[in-house]
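Notes for the structure review
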Amino acid sequence: MEKHVVVIYPHPDDEAFGASGTIAKFRSEGVPVTYLCGTLGEMGRNMGNPTFANRETLPEFRKKELINACNVLDIELEMLGYRDKTLEFESKAEVAEHLKGFLDEIKPSLVITHYPGYAVHPDHNALGAAAIEAVKRMGEADRPTIWAQAFSRTHLEELGEPDVAVDISPFFKKKMETILAHQSQASGILGGMDPATADLEAIAKERLGAERFYTWKF
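Now for a quick tour of the structure. (Residues numbered from 1 in each chain as written. Predicted model: local features only at pLDDT ≥ 70, side-chain atom pairs only at ≥ 80, totals over all residues. Heavy atoms only, no water.)

**Some words on the overall build of the chain**
Stated formally: Think of it this way: any DSSP run of H or I at least four residues long counts as a helix, any run of E at least two long counts as a strand, and we number them from the N terminus. When a residue's accessible area, from a 1.4 Å probe over protein chains only, is under 20% of the maximum for its type it is buried; when over 50% it is exposed; and in between it is partly exposed. Any pair of residues with heavy atoms lying within 4.5 Å of one another is described as a contacting pair. Note on areas: Shrake-Rupley with a 1.4 Å probe; residue coverage comes only from the protein chains shown.
Assigned secondary structure in the chain consists of eight helices and seven strands. Here the chain holds 218 residues, and 50% of them are scored as buried. The contacts in the chain between residues at least 6 apart in sequence include a share of 80% that link residues at least 24 apart. Surface summary for the chain: the accessible area is close to 10500 Å², and the carbon and sulfur share equals 49%.

Here it is, written out as structure tokens:
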């Protein structure tokens, strides 16, 4: 069993779409999970449908959604305070040191993050690279395992099949509940489906797929 899991993603809702089934599984086993969230997603284009936010109000709205989602998953949240869509311009070394401070304190056995170069969004790639650098800077005996998530079009061709596949079928409903906590994003991605009548398991299988990761090798 893992001792403590740290999830490092840049945006509110990355945890929901990317790893909430895995997170729910760990929590069901009593494993503490901490989410280090890089930004508030303040440059996101989804303002709800119908619109309920604007460019000025979106950051606070997404912050509330993020807190709600973490409450659904019963995990600790640390907001890192970076600006959305600018992580690629931050110093990787400085961000790594920032992350390492949390890792040194929490002492996780597992870190979940994005696979640099294979996670589509520049923020995903940049924070994933910094997270891996943070772990690399830890003493070898203290380093947690890293599960890196890739979903670019070429990742299977170039990286092969992921070596970790988590069975999240018992946690589909929790995953959907977490996604729906991010109301501004879920409405666009799920097309306004009614969670009371929708077949959540079918939606998760069809649209969201399995939660799979690559074990990072230094």
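Picking up where we left off.
**So, unusual backbone geometry**
If a residue is not glycine, its phi is most likely negative; likewise, a peptide bond is most likely trans. Notably, K107 is not glycine yet its phi reads approximately 55°, a positive angle. Among the structural elements, K107 can be located in the loop between α3 (92-106) and β4 (110-114).

**Observations concerning the packing of aromatic side chains**
Selection rule: Two rings belonging to Phe, Tyr or Trp (six-membered ring only in the last case) form a pair when the distance between their centres is within 6.5 Å. Interplanar angles under 30 degrees mark stacking, angles over 60 mark edge-to-face geometry, and anything in between is tilted.
Summed over all chains, the structure comprises six aromatic pairs. On the basis of an interplanar angle of 90° and a centroid distance of 5.4 Å, the ring pair of Y115 and Y118 is categorised as edge-to-face. Ring geometry for W147 and F213: centres 5.4 Å apart, planes at 25°, overall stacked. On the criterion of sequence distance, the pair formed by W147 in strand β5 (residues 145-149) and F213 in strand β7 (residues 211-215) is long-range, its members being 66 residues apart.

**As for the environment of M176**
With respect to the helices and strands, M176 occurs in helix α6 (residues 172-181). M176 sits in the buried class, given a relative accessible area of 1%. Taking the C-alpha atoms as reference points, M176 and A16, 160 residues apart in sequence, are found 8.0 Å from one another.

**Re the nonpolar core**
Inclusion rule: In this description, a nonpolar core means a group of buried Ala, Val, Leu, Ile, Met, Phe, Trp, Tyr and Cys residues linked to one another through side-chain atoms lying within 4.5 Å.
Ranked by size, the top nonpolar core spans 24 residues in total, and within it V5, V7, F26, Y35, I112, W147 and F213 carry the most contacts. Among the elements that line this core, the one with the most residues is helix α1 (residues 14-28), at four residues. Judged by nonpolar contacts, the second largest core, of 20 residues, contains L87, V111, L127 and I146.

**Description of the pattern of salt bridges**
Pairing between side chains of opposite charge can happen when the charged atoms of each approach one another. We count it as follows: Each salt bridge in this description consists of a side-chain nitrogen of Lys or Arg and a carboxyl oxygen of Asp or Glu lying within 4 Å of one another.
A complete count under the given rule lists nine salt bridges for this structure. Linking K100 and D104 is a salt bridge whose minimum nitrogen-to-oxygen distance equals 2.8 Å. Of this pair, K100 and D104 both sit in helix α3, four residues apart, which is roughly one turn of the helix. Residue class for K100 comes out buried when judged on its relative accessible area of 17%. Classification of D104 as partly exposed rests on a relative accessible area of 33%. Across the pair E211 and K175 runs a salt bridge whose closest N-O atoms are separated by 2.6 Å. Separated by 36 residues along the polypeptide, E211 in strand β7 and K175 in helix α6 bring together distant segments of the chain. Of the residues examined, E211 reaches a relative accessible area of 1% and is grouped as buried.

**Focus on the side chain of E42**
Heads up, the rule is: Whenever a nitrogen or oxygen atom comes within 3.5 Å of another N or O atom, the pair is scored as a polar contact, on the condition that within protein one atom can donate a hydrogen and the other can accept it, and that pairs from neighbouring residues in sequence are kept only if both atoms are in side chains.
With respect to the secondary-structure elements, E42 resides in the loop between β2 (33-37) and α2 (58-73). A residue is classified by how much of its surface remains accessible, and E42, at 10% relative accessible area, is buried. Of the polar contacts made by the side chain of E42, one reaches the backbone nitrogen of D84; its length is 3.0 Å.

**Topic: the environment of Q185**
Inspection of the secondary structure assignment puts Q185 in helix α7 (residues 183-189). Given a relative accessible area of 7%, Q185 falls into the buried group. The spatial distance from the C-alpha of Q185 to the C-alpha of E65 is 9.6 Å, given a sequence separation of 120 residues.

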